[in-house]
Amino acid sequence: MIDLVGYGAFFLTIALSYAIIAVGLNVQWGQTGLFNVGVAGFVAVGAYVSAILTTPDAADRLGGFGLPIVVGWIAAGIAGAVLSYGLGWLTIRLRSDYLAITTFGFAVTVQLAALNLEWITGGPFGMGFIPRPFAASADDPFRFGLLNLGLTAAVLLAAYLVVEHLSASPWGRVLRAIREDETAAVSLGKNASGFRLQAFAVGGALMALGGAVQAHFIGFIAPENYLPLMTFQVWAMLIVGGSGNHRGAIVGAVLVWAIWAASASVIGTVLPAGEQARGASLQIVLIGVALCAILLLRPKGILGEKRVVSRYLGKSAPEPARQREGTLAP
């Protein structure tokens, strides 16, 4: 029973770290309509920045700063925001398909840089000895898992409350207006490029923060962790959960990660050892099937975006008004 709870805590910690990343993507796409297919690049930046600042001294790469984990997480979020702002400043005026190509190129560049700049990132050997929260409790997997789950959930809750507040503010309403009809928003005096750039930076900061949280929980990162497959996973999480709804992004992250973990377990059990590497591609197939099923049954996702138009639109007239209309009818 304790082992089962410990595994559940491990599973949920990873899923909630992905939920932080999915919420960041929701700010960019669900709220603003910015088509970012370079999610893995921003996640990698956050993971490596935090790891470099917090790891002990290493002879073969940059590091040895030994700063507290919270400093690494803050620095990761800042680095993600700055890089997002810089990339957005260059590309935010592009149409969605060109923006997608640019962000994809950014993600590939980051992954190749992590692979080849061994004196900074450790290259293909990755970076180990990343400090883990509550490392003193590592000898007790049950307690260690629950403490890390609580910490990750607290970070996710803080991120959720911030983006919910922003979404309900005039800033969030301007983002939705730009997403729905940019011409109308500009005609009302709103700087569409400026608002989109801000949303892109906020989303990038959350993606980098999620990458840092994930890196410190696992304790090891390598360039192959940040392939385009990660971008596909996060997009699937957002679409399954419901684009435009932050709670939907969280639900989608947990559900898709559950499908991914369960399918990996089934493949490891059913297929022989020599075929498991090839059988791993079935995980992508299962995610694709789940995505198609969700889109067919619930086109807006499990928790779609709430109506942002007047809540009275389309409702029938009040009863007294209908009675008055009835008395005047011939």
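One can find the structure itself at the top, above this paragraph.
Residues numbered from 1 in each chain as written. Predicted model: local features only at pLDDT ≥ 70, side-chain atom pairs only at ≥ 80, totals over all residues. Heavy atoms only, no water.

Relative to each other, helix H3 (residues 69-91) and helix H4 (residues 96-116) sit at 140 degrees, their axes nearing to 11 Å. It follows from the interaxial angle that H3 and H4 lie oblique. For the pair H3 and H4, the crossing hand works out as right-handed. Facing H3, whose interface residues are Leu83, Leu87 and Thr91, H4 presents Leu99, Thr102, Thr103 and Phe106. (Axes fitted to C-alpha atoms, helices over the stretch in contact; angles between N-to-C directions. Helix = DSSP H or I, 4+ residues; strand = E, 2+ residues; numbered from the N terminus. Parallel < 35°, antiparallel > 145°, perpendicular 65-115°, else oblique. Left-handed = near helix turned anticlockwise from the far one by under 90°. Contact = heavy atoms within 4.5 Å.)

Turning our eyes to something else, we now look at the layout of surface pockets. In this structure, the largest pocket spans a volume of roughly 420 Å³. Lining the largest pocket are 17 residues, and of these Tyr18, Asn225, Met230, Gln233 and Trp257 sit closest to its centre. For the lining of the largest pocket, the residue count by class is 13 nonpolar, 3 polar and 1 charged. (1 Å grid on protein atoms, 1.4 Å probe; cavity = no way out; pocket = protein on both sides within 12 Å on 5 of 7 lines; lining within 4 Å. Points joined across faces, edges and corners; volume = space filled by probe spheres on them. Nonpolar A, V, L, I, M, F, W, Y, C, P; charged D, E, K, R; others polar.)

Between its terminal C-alpha atoms H4 stretches 30 Å, which fits the 30 Å expected from 21 residues at 1.5 Å a residue. Here H4 has its buried residues at Leu99, Ala100, Thr103, Phe106, Ala107, Val110, Gln111 and Ala114. In a view along the axis of H4, the buried residues occupy a sector of 130 degrees, so they form one face of it. In H4, the exposed positions that point more than 90 degrees away from the buried face belong to Tyr98, Ile101, Thr109 and Asn116. On the buried face of H4, the contacting elements are helix H2 (39-54), H3, helix H5 (118-121) and helix H9 (192-218). (Expected span 1.5 Å × (residues − 1). Buried < 20%, exposed > 50% of the residue type's maximum accessible area, 1.4 Å probe, protein only. Arc of directions from axis to C-beta.)

Take the environment of Ser50 next. Relative to the elements of secondary structure, Ser50 occurs in helix H2. Of the residues examined, Ser50 reaches a relative accessible area of 0% and is grouped as buried. In sequence terms Ser50 and Ala215 are 165 residues apart; their C-alpha atoms lie 8.3 Å from each other. Setting aside residues no more than four positions away along its own chain, Ser50 makes contact with Gly72, Trp73, Ala76, Ala212 and His216.

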